[in-house]
Amino acid sequence: MNSNQLLSKTITVLRFPLIVAVVFVHFYCDTVTYHGVEIFNAHLATTPNGEILLSLLDLFACQLPAIAVPSFYIISGYLLFFKSDVYTFELYTRKVRSRFFTLFIPYVSWIVLLIIFNAIKEKILFNPNPTSLMVRNFAAFDYLRAFFAIQGDDKPYLIPMLYVRDLMALVLLSPVIYFVLKKFGKIFLVFAFVFFILQVAFGSDYENALGWFDYKNNPIGRFFNVSVFFFSIGAYFGINKKNPINIVKKWWLLTAVIYIALLILVQYELSLSGWYFKELPEDGVFPFALHNLSICFGIMTVFGLTASLIEKGKLREIPFLSASVFFIYASHTFIELNIGRTIFLIFKPQNGLTVFGVYLVTIVVTILVCMLAFIIMRRVMPKFTAILCGGRD
């Protein structure tokens, strides 16, 4: 196969494991409580070997999956431009119309579904814990804010749709990105890379620095640090008709060694301070810089390794997994907290290892339930499911 076919297959194969990584991140970063006690962090911190397992949870839930969203931005940036020799206004309007159906319609549809879902759940559940985000507490304006920024003044009501919202903004700004990359190219990418690593302009505290874990204090900083940077990497390769697979496939072993070394170094730095990645304080600048650097090497490693395995015939595309990705992405937050809480109550873990096991089982069950729902809906309501998934199949 040629390099373009290999890149296409690599993207298709990677979509599913990347979305699994997203589920890992969202579940850990949500606060899963029972009778006011946080299940995972609180129990792990007070059980035998809990600190070691909490560090592992930090690694598997925060650091390793951190490549997922940036990878999707790179893919989106590349796909937007790679077939275009010149980015004309006519082409731009055609791209915007296309993304209206593949991004905007699913975006609105899923948020409406979540509002309806939660409104029904609040009616059924006896005395649910009151929060400002409960539908029954919505003011009229909150229904509009739910589509743009209701959580922490930055996130839409359905949190995973944050990526789709920012991606729609990037599509609208694509002529500007095209012009900047054509005019400045590598200079702009180097500047954005340094900005991403050091977070120099928007503060170094945890909630801003990492970008896509908690963006409530500075959405503009997050948008530039993560969304624009990684989207522009993909756009650069697409605009210049360069295939990134030719680079990462050649060097994946070296980038893997650097990636693993950076992960170990981040864990070491955190162990010295006694902090975990999820709770890194404002003075945790150095671990964040290392972590952000590890994201870049992690992306190169995963893409390069996957391409090499596909080329050797050891990996192949599974169409169903690729087709289910957007559905899993949009639907998993509907159920993951309730599944985690239910599994915790069933197994009643008494030590760190079983608490960690509950976390992993919750991820598996959540994904399986979403896949089952996707299968059923595609058979019972194929047209509606196609709308929810933006026509992806």
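Refer to the preceding data block for the structure.
Residues numbered from 1 in each chain as written. Predicted model: local features only at pLDDT ≥ 70, side-chain atom pairs only at ≥ 80, totals over all residues. Heavy atoms only, no water.

Engineer: Explanation requested: the overall build of the protein chain in the structure shown.
Structural biologist: When you go through the protein chain residue by residue, the secondary structure sums to 16 helices and 2 strands. Taken across its 393 residues, the protein chain has 51% of its residues classed as buried. In the protein chain, the share of contacts with a sequence separation of at least 24, taken over all contacts with a separation of at least 6, comes to 76%. A total of about 18,800 Å² of accessible surface is found on the protein chain, and carbon and sulfur atoms cover 68% of it. (Helix = DSSP H or I, 4+ residues; strand = E, 2+ residues; numbered from the N terminus. Buried < 20%, exposed > 50% of the residue type's maximum accessible area, 1.4 Å probe, protein only. Contact = heavy atoms within 4.5 Å. Areas by Shrake-Rupley, 256 points an atom, 1.4 Å probe, with all protein chains shown as cover.)

Engineer: Can you help me understand the side chain of Lys95 in this one?
Structural biologist: Following the sequence through the fold, Lys95 ends up in helix 5 (residues 89–124). Asp85 provides the closest opposite charge to the buried, unpaired Lys95, separated from it by 11 Å. What Lys95 contacts, discounting residues up to four positions off in sequence, is Leu79, Leu80, Ser84 and Tyr87. (Lys, Arg positive; Asp, Glu negative; His and termini not counted. Salt bridge = Lys/Arg side-chain N within 4 Å of Asp/Glu carboxyl O.)

Engineer: Is there a simple way to think about the nonpolar core in this case?
Structural biologist: Buried together is how nonpolar side chains tend to be arranged in soluble globular proteins. The biggest cluster of nonpolar side chains holds 106 residues, and the ones touching the most others in it are Trp110, Ile111, Met161, Val164 and Phe230. Residues within four places of Val164 in sequence aside, it is in contact with Leu103, Tyr107, Phe326 and Tyr329. (Core = buried A, V, L, I, M, F, W, Y, C linked by side-chain atoms within 4.5 Å.)

Engineer: Looking at this structure, how should I read helix 8 (residues 174–183)?
Structural biologist: Count 3.6 residues to each turn of an α-helix, and residues three or four apart come out pointing the same way. Within helix 8 the residues assigned to the buried category are Ser174, Ile177, Tyr178, Val180 and Leu181. For helix 8, the angular spread of the buried residues around the axis is 170°, confining them to a single face. In helix 8, the exposed positions that point more than 90 degrees away from the buried face belong to Phe179 and Lys183. Positive backbone phi, at 50°, marks Gly185, one or two positions downstream of helix 8. (Arc of directions from axis to C-beta.)

Engineer: Even after reading the chapter, I still don't get the packing of helix 4 (residues 68–81) against helix 7 (residues 161–172), so can you show me in this structure?
Structural biologist: Two quantities define a packed helix pair, namely the angle between the axes and the distance from one axis to the other. Packing of helix 4 against helix 7 leaves a shortest axis separation of 12 Å and a crossing angle of 30°. One finds that helix 4 runs roughly parallel with respect to helix 7. In terms of crossing hand, the pair formed by helix 4 and helix 7 is right-handed. Listed contacts from helix 7 to Val69, Phe72, Tyr73 and Ser76 of helix 4 are Tyr163, Asp166, Leu167 and Leu170. Class assignment of the residues belonging to the contact of helix 4 with helix 7 gives a composition of 6 nonpolar, 1 polar and 1 charged. (Axes fitted to C-alpha atoms, helices over the stretch in contact; angles between N-to-C directions. Parallel < 35°, antiparallel > 145°, perpendicular 65-115°, else oblique. Left-handed = near helix turned anticlockwise from the far one by under 90°. Nonpolar A, V, L, I, M, F, W, Y, C, P; charged D, E, K, R; others polar.)

Engineer: Could you clarify how one ought to interpret the packing of aromatic side chains in this entry?
Structural biologist: We describe a pair of aromatic rings using the distance from one ring centre to the other and the angle between the two ring planes. A full pass over the atoms with the stated rule returns 24 aromatic pairs. On the basis of an interplanar angle of 90° and a centroid distance of 5.2 Å, the ring pair of Phe100 and Phe101 is categorised as edge-to-face. A relative accessible area of 53% places Phe101 in the exposed class. Their ring planes at 50° and their centres at 5.4 Å tell us that Phe327 and Phe374 sit as a pair that is tilted. One end of the pair, Phe327, is in helix 14 (residues 319–347); the other, Phe374, is in helix 15 (residues 352–380), with 47 residues separating them in the sequence. Residue class for Phe327 comes out buried when judged on its relative accessible area of 2%. Among the aromatic residues, those joined into a cluster by ring pairs are Trp110, Phe117, Phe320, Phe327, Phe334 and Phe374. (Phe/Tyr/Trp six-rings, centres within 6.5 Å; stacked < 30°, edge-to-face > 60°.)

Engineer: I would appreciate a short explanation of the pattern of salt bridges in the present structure.
Structural biologist: Pairing between side chains of opposite charge can happen when their charged atoms approach one another. Tallied over the full model, the rule gives 3 salt bridges. In this structure, Lys9 engages Glu317 in a salt bridge whose closest nitrogen and oxygen atoms are separated by 2.9 Å. On the criterion of sequence distance, the pair formed by Lys9 in helix 1 (residues 3–29) and Glu317 in the loop between helix 13 (285–311) and helix 14 is long-range, its members being 308 residues apart. Here Arg165 ties to Asp166 by a salt bridge, and the two come within 3.3 Å at their closest N and O atoms. When its relative accessible area of 17% is taken as the criterion, Arg165 is described as buried.

Engineer: Looking at this structure, I do not really get the packing of helix 7 against helix 8. What am I missing?
Structural biologist: Their axes nearest at 4 Å, the elements helix 7 and helix 8 cross at an angle of 65°. Side by side, helix 7 and helix 8 meet where Leu170, Val171 and Leu172 of the first sit next to Ser174, Pro175 and Ile177 of the second. In terms of residue class, the contact of helix 7 with helix 8 is built from 5 nonpolar, 1 polar and no charged.

Engineer: I keep staring at unusual backbone geometry and nothing clicks. Help me out?
Structural biologist: Residues other than glycine predominantly adopt negative phi, and peptide bonds predominantly adopt the trans conformation. Phi angles above zero are rare outside glycine, and Lys241 is one such case at about 55°. With respect to the element layout, Lys241 can be found in the loop between helix 11 (219–239) and helix 12 (245–273).

Engineer: I'm lost on the side chain of His26 in this one. Help?
Structural biologist: When you line up the elements, His26 lands in helix 1. Overall, His26 belongs to the buried group, its relative accessible area being 15%. At 2.9 Å, the side chain of His26 and the side chain of His332 are in polar contact. Ignoring any residue separated from it by four or fewer positions in sequence, one finds His26 in contact with Pro160, His332, Thr333 and Glu336. (Polar contact = N/O pair within 3.5 Å; in protein donor to acceptor, adjacent residues only side chain to side chain.)

Engineer: Sorry, what's going on with helix 4 here?
Structural biologist: For helix 4, built from 14 residues, the straight-helix expectation of 20 Å at 1.5 Å per residue is met to within 8% by its first-to-last C-alpha distance of 21 Å. Summarising burial for helix 4: 13 of the 14 residues are buried, a large majority. (Expected span 1.5 Å × (residues − 1).)

Engineer: What am I meant to see in a nonpolar patch on the surface here?
Structural biologist: A surface patch of nonpolar side chains, about 460 Å² in accessible area, is lined by Leu372, Ile376, Val380, Met381 and Phe384. No other element matches the 3 residues that helix 15 contributes to the nonpolar patch. Within the element layout of this structure, Val380 appears in helix 15. The class of Val380 is exposed, set by a relative accessible area of 61%. (Patch = residues over 30% accessible without salt bridge, like charges linked within 9 Å, V, L, I, M, F, W, Y side chains within 5 Å.)

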